[in-house]
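# Observations on chain architecture
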Amino acid sequence: MNSFEVRALLALAFLYASRMLGLFMVLPVFALYAEGYPGSSALLVGVGLGIYGLSQGLLQIPFGLLSDRIGRKPLIFAGMLLFLAGSILAATADSMAGLIIARALQGAGAVASVVMALLSDLTKEQNRTRAMASIGGSIGLSFGVAMVVGPIIASHWGLSGVFWVTSALAAVGILVVAFAVPSPVARHGGHEVIPLPSMLGRVLRDAELRRLNIGIFALHFAQMATWVALPLMLEQTFDFARDRHWLLYLGTMGGGFVLMVPFIWYGESKRKMKPVFIIAVALLALAELLMASAGSTFNIMVAGLLVFFMAFNLLEASLPSLVSKLSPAGIKGTALGVYSTSQFLGTFCGGVVGGIVAQQFGLGAVFWASLVAALVWLGFAITMAPPRYLRSVEVSLAGQGQLDAKSLMTEVAGVVDVVIIPGQNMAYVKVDDAHFEQERMDALLARSTAA
């Protein structure tokens, strides 16, 4: 990467990570401290915890599409301002209703896909995958930091203190966009990161992508429902002081990460992603089963939390990679847009259902509801096809004659899928490197140019 690309990557990684840090810090503390707000109930706690997922899910694709029309940075500014306004409103809220409205406003700043699109605009094709992987790593780091820092901040300054810190992070993010993020000279086609409305039907009909969308929905359903019940159970059932929760999260999350790494290595290096993926979903179900059946035995609850973090981190790392591998050529952005929408809707439903179950049947029943979601997902995961190890190749059509997608697929070994983008002078070709004939494709393109 050159210095321009490094600057863009560092600025956007900080922006993405700081925004996610603000959202993640709330998870381990919201259920504990929201109880004290006037009008609070178990149901409304669940709604307040998950409501940002609804606004994120509804606005994720529209934000991405709009950024193609009016530019990336104006949309990121607007989204960060909404996030800042929601965070300040949450910090000053004096009722549960006010807190829910604030959380919905936080989620309205749905700039994730726009940030990734801007990164795509600012990096060369050969560096783009590495840059996006760095953003993904920053999200994982934010989650780990948030699980520790959120409880510490809340123990000193309450839930409003968490939201004030989130507001400060949002304000810094706005300054980063204004002064540190370079402006692109020209926008990239965006099809690898921004949804194409014309391709939504194709993505929704794809059975393998549908399994992954169901999976990310179930994963975030279970995650959000778990956080409705877990902090309260630690305090009320096990008499585990809330100012010590961060120690438990730090230990179990660190242990879960260490246990996860060999599975990721084995799945990628040995090309055994399907069995590793199924094991991870089964581990999620096991985690929920352990926490549901812990009763008053603290060690079983801790074991369940350790397995939960292991499974969650393993699945969070695996799912985007599988979406990328299984997406048809040229419409990865559309596939990821539907995937992100499914994720955030799972967050919302997990919070709401977790709140309803906690209010009607008690905190322990929430884990049983999450177990059902994990088992349904396991049934879909078992039937998935093993992912093929493919990559996308961008082909510029500028100055060329008519390129026939069918001839590419029939005459060049290893070409799996071709999408030609009308009016963009661009084709996306999905290839299997084990059989791909680069020289044959170059010759065919040269013949097309000559024609």
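Reference entry: report on the structure contained in this document. None of the values given here were measured: they were computed from a predicted structure.

This next bit is on the overall build of the chain. For the chain, the count of helices and strands is 16 helices and 3 strands. Expressed as a percentage of its 451 residues, the buried residues of the chain come to 56%. Taken as a whole, the chain presents about 17600 Å² of accessible surface, with 66% of it coming from carbon and sulfur.

For the rest of this paragraph, the subject is the packing of helix α1 (residues 3–24) against helix α6 (residues 112–122). Two elements in contact, α1 and α6, have axes whose closest approach is 10 Å; the angle formed by their N-to-C orientations is 175 degrees. As far as their axial angle goes, α6 and α1 are roughly antiparallel. Across the interface between the two elements, Phe 4, Glu 5, Ala 8, Leu 9, Leu 12, Leu 15 and Tyr 16 of α1 pack against Ala 112, Val 115, Met 116, Leu 118, Leu 119 and Leu 122 of α6.

A separate point is the nonpolar core. One finds Phe 30, Leu 99, Phe 277 and Trp 377 to be the most contacted residues of the largest nonpolar core, which totals 129 residues. If one sorts the elements of this core by residue count, helix α7 (residues 125–179) sits on top with 16 residues. When residues no more than four places from it in sequence are discounted, the contact partners of Trp 377 are Arg 211, Gly 215, Ala 218, Leu 219, Phe 277, Val 281, Leu 284, Leu 315 and Leu 319. Val 395, Val 412, Val 415 and Phe 436 belong to the second-largest nonpolar core, a separate cluster that totals 12 residues.

Another point: the environment of Gly 337. With respect to the helices and strands, Gly 337 occurs in helix α13 (residues 332–361). Judged by its relative accessible area of 8%, Gly 337 is buried. Residues Gly 337 and Gln 60, 277 residues apart in the sequence, show an inter-C-alpha distance of 7.0 Å.

This paragraph deals with the packing of helix α9 (residues 207–236) against helix α12 (residues 298–326). In the contact formed by α9 and α12, the axes pass within 10 Å of each other and the chain directions differ by 155 degrees. Overall, the two elements α9 and α12 adopt an arrangement that is roughly antiparallel. Viewed along their axes, α9 and α12 form a crossing whose handedness is left-handed. Only Phe 298, Met 301, Leu 305, Phe 308, Phe 309, Phe 312, Leu 315, Glu 316, Leu 319, Leu 322, Val 323 and Leu 326 of α12 make contact with α9, whose side of the interface consists of Glu 208, Leu 209, Leu 212, Ile 216, Leu 219, His 220, Gln 223, Thr 226, Trp 227, Leu 230, Met 233 and Leu 234. Residue composition of the contact of α9 with α12, grouped by class: 19 nonpolar, 3 polar and 2 charged.

Mapped onto the secondary structure, Asn 213 falls in helix α9. Judged by relative accessible area, which is 11%, Asn 213 ranks as buried.

Turning to the pattern of salt bridges, a few remarks are in order. Using the criterion set out here, one finds 2 salt bridges in the structure. Residues Arg 211 and Glu 208 are paired through a salt bridge, measuring 2.8 Å at the closest nitrogen-oxygen approach. Note that Arg 211 and Glu 208 are positioned in helix α9 at a spacing of 3 residues, about one turn of the helix. Residue class for Glu 208 comes out buried when judged on its relative accessible area of 19%. Residue Glu 235 is joined to Arg 242 by a salt bridge in which the shortest nitrogen-to-oxygen separation is 2.6 Å.

What follows concerns the side chain of Ser 167. Locating Ser 167 in the fold gives a position in helix α7. Under the relative-accessibility criterion, Ser 167 is labelled buried at 5%. Setting aside residues up to four positions removed in sequence, Ser 167 forms contacts with Leu 84, Ser 87 and Ile 88.

Definitions and limits used
Position numbers for residues count from 1 along each chain, tracking the sequence in the order it is written. Per-residue local features of the predicted model are confined to residues with pLDDT of at least 70, and side-chain atom pairs are confined, for both listing and counting, to 80 or more; whole-chain, interface and lining totals are unaffected and use all residues. Side-chain figures throughout are based on the complete set of non-hydrogen atoms in the structure, without hydrogens or water. Only runs of H or I of at least four residues qualify as helices and only runs of E of at least two qualify as strands under DSSP, and these elements are numbered from the N terminus. A 1.4 Å probe rolled over the protein chains alone gives each residue an accessible area, and that area as a share of the maximum for its type sets the label: buried under 20%, exposed over 50%, partly exposed in between. Residue-level accessible areas treat just the shown protein chains as cover; the underlying method is Shrake-Rupley with a 1.4 Å probe. Axis definition: a line fit to C-alpha positions, over the contact stretch in the case of helices; interaxial angles, taken between N-to-C directions, run 0 to 180 degrees. To sort the angles, those under 35 degrees are grouped as roughly parallel, those over 145 as roughly antiparallel, those from 65 to 115 as roughly perpendicular, and the leftovers as oblique. Throughout, a residue-residue contact means that at least one pair of heavy atoms, one from each residue, lies within 4.5 Å. Residues belong to one nonpolar core when they are buried, are Ala, Val, Leu, Ile, Met, Phe, Trp, Tyr or Cys, and are joined through side-chain atoms within 4.5 Å. Here a crossing is called left-handed whenever its near helix is offset anticlockwise from the far helix by less than a right angle, and right-handed whenever the offset is clockwise. All residues other than Ala, Val, Leu, Ile, Met, Phe, Trp, Tyr, Cys, Pro, Asp, Glu, Lys and Arg, Gly among them, are scored as polar; the first ten of these are nonpolar and the last four charged. In the sections that follow, a salt bridge refers to a side-chain nitrogen of Lys or Arg positioned within 4 Å of a carboxyl oxygen of Asp or Glu.

Keep in mind these values describe shape, not function.
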